[in-house]
Structure formats: structure tokens, C-alpha cells
Amino acid sequence: MTTKDYSKYFQAPSYTDAKKRGKDEIRVHYDFSISDEMSRFGANKRYMIRTYGCQMNEHDTETMKGMLEAMGFTSTEDKREADVILLNTCAIRENAEDKVFGELGHLKHLKMEKPNVVLGVCGCMSQEEGVVQRILTKHQHVDLIFGTHNIHRLPKLLQDAYFDKEMVVEVWSKEGDIVENLPKKREGMKAWVNIMYGCDKFCTYCIVPYTRGKERSRRPEDVIAEVRELARQGYKEVTLLGQNVNAYGKDFEDIEYRFGDLMDDIRKIDIPRIRFTTSHPRDFDDHLIEVLAKGGNLVEHIHLPVQSGNTDVLKKMSRKYSREQYLELVAKIKRAMPDVVLTTDIIVGFPGETEEQFQDTLSLVKEVRYDSAYTFIYSPREGTPAAGMADDIPPEEKSARLIRLNDALNEISREANERLRGQTVEVLVEGVSKNNADMLSGRTRSNKLVHFQGPRELIGTFAKVTVTEPMTWFIKGELAGTDSPAVANL
Ligand code: SAH
Ligand code: SF4
Ligand code: F3S
């Protein structure tokens, strides 16, 4: 096999640069456009994007789809039909990366059969030094690697990848400016809206501050204009996105405007539901609680990752709050919002976590009574401080703790759902149930999944559903009413 010449298009990631947090002012660009020539580039060509990871990545995929469709591409779900295949990757845990490398292996065969297919890797894995090296040496059938900071460069990079048969690698380690007005292709009745990019928290286990760069907030007027436009287009729900939304506005030098202020302005927009994710407990201030307690279209659900219930482990994780401070915050939130539904993220088996420390997590979970939680076994990430910490907990012990934790959480979820029996809840009907074509599914304000029987005309509307069978991960109910004029006999 001949070795490719990478020199022409090569800009690989550097962890040293990714760690830096410069004082440079963030500029906002409003002049993105796709030229006439570029808008014909994708004519008669199809694209497929496979997305791994969090909502941030899902939303980046919507932006990439928007750009590709503005270039004339159409979408396909069948990789055999695709002219461009992009893997939008996630680096959060090893198993997320394994899935991508597995898929790259499969795509090698496709690429041998159809050498003209352009295969691209983007997202958080592209920001990792080790990953780019591995692709360069073991996956030379990849045509394009770009990162999370230069998504707006996709049209140009794709063109380069088409015309030059060298691998095009363009990953910026220093975060870019904020680029507004990128086209987006959203589907359904729920929309994601970025309010900020990056993360400065540097929790010791986490790769995100390296893959997403420093915290940069979008200007309030741009966020508000986007939400207003979504309301005008008839979207029923907006989720504001950031790795740590509570740090919103900290980086503004000219205005004093924080997440509480943003929520207070957004709640006045005529859109039925507003959510946000994710909240770091440390920056959750009183003003925000006061605003959230006003309710209305601000839903009573807060995802408040705790990670561990033990103060020493939290310290080693560099979460910058203690068990007591977290519990105090929860108490304050519950006092202000008695109906609040809390959910969380928890890591078990952090390096050196003892049985007693794990039991603190169990007891915290029982005290807070989360309605649900995402739980993970700690996965070492190269380049992060925790990856170098001594760890003598055997993997079987970590798996056993995960099971014990999930058992405790499931019992609490079931009890929480049981309390809804007989109550009537508001459901945004999202579609036909995945497992039963006779049933519809949707979500309550607190994001609980509800299945019930009803006419398909209800999809995209709000229905009143009486809870008849609360389960652990979902609720079954009966239709009690609707706001849909299409279904008049109810
Ligand atoms: N910004 C969000 C989290 C994004 S990552 C926040 O701070 O809440 C989502 C979750 O993945 C984290 O909350 C954490 O529970 C988990 N996670 C992150 N890094 C991990 C690692 N190295 N191993 C296992 N789980 C991890
Ligand atoms: Fe990762 Fe911590 Fe930032 Fe969340 S707050 S993205 S866990 S570093
Ligand atoms: Fe994964 Fe990157 Fe999100 S690492 S969780 S896709 S920010």
C-alpha cells in the first residue's frame, strides 16, 4: 500500500493547546453563506450522518444536515446509497469510541466496493490526538477528519476531500469564534437551541473541556431571536443546550446577564415548553431558582448531575461542591418548586472509590429520590487527570456496584411513577409507540415517557392522559382530553 501525503491538508489536534484557556475575546460571525457554486455541489448526491453522543452532538448533526442540504445533497438512511458518510462521534467513554472504530471497520468494505464514497469522521473523537493518530495509521480509507470547532467549514472541507484524494484533516485545538446563522435541519416538534459552547469545569474524569474548548456564550439577542423564530414556526418545545448552562453569560465582558436572566426573558416567548440541559450544581444560583419557580412554560424538571454522594470522591473529581452543599441546593430547589422532578448522572467505580464511599452515593440517591438517572462505570480518558490516578477496584466490583445502584434507582423511579396513578398529565404526543403500532407515545412536562391509545391526528398536539399503569421506565394511560381541533369528539 502506498503511503498518502498528508502535508497539504493536515492540521491535527493538540492536547496542550486544547487545555489552554486564553483571555482572547470571542467574536461572533453573522456572515455565513453558501455560494451559488457551492449550492449546486451536492446535486444528485446523497448523504448519511451517524450520530453518537449527547444532545450537543445531535444538534451539531442538524447543523451539518442543514449545510449539506443547502449544498443540494439529499439524505438517505441506507449507507449503500450514500455518496457522503459522516460519523459524528463521542469521546465520553471507551465504549462510545469502540462503536465508532467498529463502524469504521465495517465501512472499509463499503469503501472498497465504492471507492468514490467520501467517508468523514467528526465530533469529539476527532479532537483527540490518539484517535487521529489511530485513524491515520489504521483507517486510511477515511477521507476527511474535522473537529467540533470548525463544523462551519464542512462545505469547503468536503469539496477538498472530493477533489484531492489525500486524507483531509482539519482539527482546531483552540476553540473558534461563534458562528451564527448556520442552516439547521430540525425534525419533529421539539427543537434544540445552543446557548453556549465548551466547558471550563475540567472535572478530572472528563474529556469534554478538551474536545469542546472554553466556555463561550451566545449573545442573548441571538438566542432569543432563534427561540422566537421556532415559536413562530410552531415548535412545541425548546431545549436550551450547554455542557454547563448555569455558567451562561460568565464570559460576557460588556453586560451582566446570566442564565436566570435568559430564562426570565425566554419564558415570555409564546412556546409551550422550555427545557434546559445540563446544569452544574455549582453555578445554580438563587435568581435562577426564583425564575424557574415562576413555572408557566418553564417545565418543572431539572437534570442535576451529582456524580457521587461522597465528598472525598467529589473532591477527587474536582466537582467543587460537597455532598452537603449538593443536598442543600436540592432542598432549596424543592422548597421553591414543590413539584420539581429531579434526574441525575452518576459515575461508579471512580479510581479508588471504597465500598463506604459508594454507599454514600446509595444513601444520597435515596435521600434525593431522583425520578430517573443515567449511571456509568468510570472509563479512563487519556489525557485527563483521573486517568493517572491509582485504581485498585476490580472491574467485577465496579459492575456489581452499578447493578446495586440501578436497583435502588429503579425502585425509586417506580415509586415516583406509582404516585401518578389516577392523575391526569399533559402529554406532548410525539408519535406512534416504537413497540406497539396501536399506541401513541409522548412526554410529560417532567419528561416522563407515556404510552396511550389514541388517534394519530393527536401527533404534534398536547393530550390529557390519565395514568392507569405506572411502570419503572414509562407510564401507561388513557386519553382524557385533547387540545386538537382535529379530534372533536373528545
Ligand atoms: N456537562 C454535563 C455532562 C456531560 S457528560 C455535566 O457536567 O453534567 C454526561 C455524563 O457522562 C456525565 O455527567 C458523567 O456522569 C458521565 N461521564 C463523563 N465522563 C465520564 C467518564 N470518563 N467515565 C464515565 N462516565 C463519564
Ligand atoms: Fe465534563 Fe464536568 Fe464539564 Fe460536565 S462540567 S462537561 S462533567 S468537565
Ligand atoms: Fe460525547 Fe462530546 Fe457530547 S464527548 S457526550 S459528544 S460533548
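Because the structure is predicted, anything quoted here is derived from the model rather than measured.

1. As for the UniProt feature "domain: Radical SAM core" (unreviewed entry) in the protein chain
Line of reasoning, step 1. As recorded in UniProt, the sites labelled "domain: Radical SAM core" (unreviewed entry) are residues 185-415.
Line of reasoning, step 2. For residues 185-415, the end-to-end C-alpha separation is 39 Å, with 39% helix and 16% strand making up the annotated structure.

2. Here we look at the UniProt feature "domain: TRAM" (unreviewed entry) in the protein chain
Line of reasoning, step 1. Taken from the UniProt record, the annotation "domain: TRAM" (unreviewed entry) applies to residues 418-481.
Line of reasoning, step 2. What you have in residues 418-481 is 2% helix and 55% strand, and the ends, taken at the C-alpha atoms, are 21 Å apart.

3. A look at the site of ligand 1
Line of reasoning, step 1. Within the structure, ligand 1 sits among 15 residues, and Q243, P305, Q307, D345 and S379 are positioned closest to it.
Line of reasoning, step 2. In this structure, Q307 approaches ligand 1 through a side-chain N or O atom, which is 2.7 Å from an oxygen atom.
Line of reasoning, step 3. For the shell around ligand 1, the secondary structure elements donating two or more residues are strand 16 (341-348) and strand 17 (372-377).

4. Remarks on the domain arrangement of the protein chain
Line of reasoning, step 1. Along its sequence, the protein chain is carved into domain 1 (4-170), domain 2 (180-418) and domain 3 (424-479).
Line of reasoning, step 2. Placing a centre on the C-alpha atoms of domain 2 and another on those of domain 3 gives a separation of 25 Å.
Line of reasoning, step 3. Each partner contributes to the interface: domain 2 provides 21 residues, whereas domain 3 provides 20 residues.
Line of reasoning, step 4. For the pair domain 2 and domain 3, the summed buried area comes to about 1700 Å², and 49% of that belongs to carbon and sulfur atoms.
Line of reasoning, step 5. In terms of surface lost to domain 3, no three residues of domain 2 exceed M189, R273 and N417, which account for 37% of the buried area on that side.
Line of reasoning, step 6. Counting across the domain 2 and domain 3 interface gives four salt bridges.
Line of reasoning, step 7. D371 serves as the salt-bridge partner of K448, at 2.5 Å between the closest nitrogen and oxygen.
Line of reasoning, step 8. At the surface where domain 2 touches domain 3, the tally comes to 13 residue pairs in polar contact (both at pLDDT 80 or more).
Line of reasoning, step 9. If one sorts the elements of the side of domain 2 that touches domain 3 by residue count, helix 14 (residues 395-418) sits on top with six residues.
Line of reasoning, step 10. Classifying every residue of the side of domain 2 that touches domain 3 gives six nonpolar, six polar and nine charged.

Criteria and thresholds
Residues numbered from 1 in each chain as written. Chains lettered and ligands numbered in written order. Predicted model: local features only at pLDDT ≥ 70, side-chain atom pairs only at ≥ 80, totals over all residues. Heavy atoms only, no water. UniProt positions renumbered as here; feature names shortened; annotations may be inferred. Helix = DSSP H or I, 4+ residues; strand = E, 2+ residues; numbered from the N terminus. Near = heavy atom within 4 Å. Polar contact = N/O pair within 3.5 Å; in protein donor to acceptor, adjacent residues only side chain to side chain. Domains from an automatic or database assignment. Contact = heavy atoms within 4.5 Å. Buried area = accessible area lost by both parts, 1.4 Å probe. Salt bridge = Lys/Arg side-chain N within 4 Å of Asp/Glu carboxyl O. Nonpolar A, V, L, I, M, F, W, Y, C, P; charged D, E, K, R; others polar.

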